[in-house]
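# Coordinate analysis (summary)
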Amino acid sequence: KAGVTQTPRYLIKTRGQQVTLSCSPISGHRSVSWYQQTPGQGLQFLFEYFSETQRNKGNFPGRFSGRQFSNSRSEMNVSTLELGDSALYLCATSRGEGAVEAFFGQGTRLTVV
Amino acid sequence: GDSVTQMEGPVTLSEEAFLTINCTYTATGYPSLFWYVQYPGEGLQLLLKATKADDKGSNKGFEATYRKETTSFHLEKGSVQVSDSAVYFCALSDRTDYKLSFGAGTTVTVRA
């Protein structure tokens with residue numbers, strides 16, 4: 001059974017640019033969540049989608065957005081990148097509908113220069 | 001809001017030593033509790049979970065018991081190996097806000 005796939009694995013962008021990250025969930029998983037991991041702030045929740053609907057959003061500026069497609073794949077977008085957006089972005093998926101555990105991808109390492 | 005506090009690291013041990021990482025939580029509801037492990041350059045892997053009071057999660061020699069009275073979920077392993085070197089995260093989910101709340105992580109290094 002294939003795991004959670006995140007693409008790309010590594011990304012270097014310049015301040016002011018925008019970036020789109022992709023997450024393909026485990027087959028049958030309909031819930032997709034995104035987290036930002038930094039040395040200073042640790043793991044912080046960005047947003048969660050289920051059946052193309054955002055059910056919760058973390059405390060991040062509007063520059064951070066996401067969406068989910070009908071096949072449960074999800075993308076997140078960061079516009080007007082800042083140096084502080086450099087982080088490991090992790091996607092986690094679960095069956096949803098009361099499922100307990102979430103499974104994580106390997107993450108996308110974003111570096112903003 | 002929900003929060004998780006776990007033992008600060010780093011923790012350095014010799015092979016075959018006993019490992020314990022303390023984790024306490026604050027939650028308004030009745031959460032599920034998890035331990036995740038992260039190896040260098042990787043995402044998070046679910047190590048074990050517990051969904052109700054007195055449940056014991058176990059996997060790969062690691063154990064943790066959901067203690068509602070002390071709001072704790074301490075991770076233990078009786079005999080660590082070099083391959084257990086990683087960062088360990090305690091987390092909770094209250095199942096109503098569709099997110100995990102994580103502790104700060106504890107870096108464990110096991111020396112041969």
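Residues numbered from 1 in each chain as written. Chains lettered and ligands numbered in written order. Predicted model: local features only at pLDDT ≥ 70, side-chain atom pairs only at ≥ 80, totals over all residues. Heavy atoms only, no water.

## Examining the state of the cysteines
All names here are of chain B. Within this structure, the stated rule accounts for 2 disulfides over all chains. In this model cysteine 23 forms its disulfide with cysteine 90; the gap between the sulfur atoms is 1.9 Å. Measuring handedness by torsion sign, the sulfur bridge of cysteine 23 and cysteine 90 sits at about -70° and is left-handed. Of this pair, cysteine 23 sits in strand 4 (residues 23–26) while cysteine 90 is found in strand 10 (residues 86–93), placing the two residues 67 residues apart along the sequence. Comparing cysteine 23 with cysteine 90 shows no difference in burial state: the two are buried. (Disulfide = S-S within 2.5 Å. Helix = DSSP H or I, 4+ residues; strand = E, 2+ residues; numbered from the N terminus. Buried < 20%, exposed > 50% of the residue type's maximum accessible area, 1.4 Å probe, protein only.)

## A short note on the interface of chain B and chain A
If you look at the interface, chain B gives 17 residues, while chain A gives 17 residues. The three residues of chain B that bury the most area against chain A are Leu44(B), Tyr98(B) and Phe102(B), which together make up 33% of that side's buried surface. Linking chain B to chain A there are 1 salt bridge. For Lys49(B), the salt bridge identified is with Glu101(A), shortest N-O distance 3.5 Å. Secondary-structure elements contributing two or more residues to the side of chain B that touches chain A are strand 5 (32–38) and strand 6 (44–50) of chain B. No other element matches strand 5 of chain B, which puts 4 residues into the side of chain B that touches chain A. Of the residues that constitute the side of chain B that touches chain A, the class distribution is 8 nonpolar, 5 polar and 4 charged. (Contact = heavy atoms within 4.5 Å. Buried area = accessible area lost by both parts, 1.4 Å probe. Salt bridge = Lys/Arg side-chain N within 4 Å of Asp/Glu carboxyl O. Nonpolar A, V, L, I, M, F, W, Y, C, P; charged D, E, K, R; others polar.)

## Things to note about the nonpolar core
Of all hydrophobic cores here, the largest spans 25 residues; its most connected members are Leu19(B), Trp35(B), Leu48(B), Phe73(B), Leu75(B), Tyr88(B) and Val108(B). Elements with a minimum of two residues in this core: strand 2 (11–14), strand 3 (19–21), strand 4, strand 5, strand 6, strand 8 (62–65), strand 10 and strand 12 (106–111) of chain B. For this core, the element with the highest residue contribution is strand 10 of chain B, accounting for 4 residues. With near-sequence residues (within four places) excluded, Leu19(B) lies in contact with Val11(B), Leu13(B), Phe62(B), Leu75(B), Glu76(B), Lys77(B), Val80(B) and Val108(B). In this structure, Leu21(A), Phe60(A), Phe64(A) and Ala87(A) belong to the second largest nonpolar core, which totals 21 residues. (Core = buried A, V, L, I, M, F, W, Y, C linked by side-chain atoms within 4.5 Å.)

## A short note on the side chain of Gln68(A)
All names here are of chain A. Its location among the elements puts glutamine 68 in strand 7 (residues 64–68). Among the polar contacts listed, one links the side chain of glutamine 68 to the backbone nitrogen of phenylalanine 50, at a separation of 3.4 Å. One polar contact links the side chain of glutamine 68 to the main-chain carbonyl oxygen of serine 72, over a distance of 3.2 Å. (Polar contact = N/O pair within 3.5 Å; in protein donor to acceptor, adjacent residues only side chain to side chain.)

## Brief notes about the sheet that holds strand 9 (residues 75–77) of chain B
Residues and elements named next belong to chain B. Reading across the sheet, the 4 strands line up as 3-9-8-7 and stay open at both edges, with antiparallel pairing between neighbours. Strands at the two margins of the open sheet, each flanked by one partner only, are strand 3 and strand 7 (56–59). Ignoring which end each strand starts from, the neighbouring axes of this sheet average 15° apart. Where strand 8 and strand 9 come together, 3 bridges link them in antiparallel fashion. By the bridge assignment, glutamate 63 is partnered in strand 9 with glutamate 76. (Pairing = 2+ DSSP bridges. Axes fitted to C-alpha atoms, helices over the stretch in contact; angles between N-to-C directions.)

Bear in mind that shape data such as this cannot, by itself, settle questions of function.
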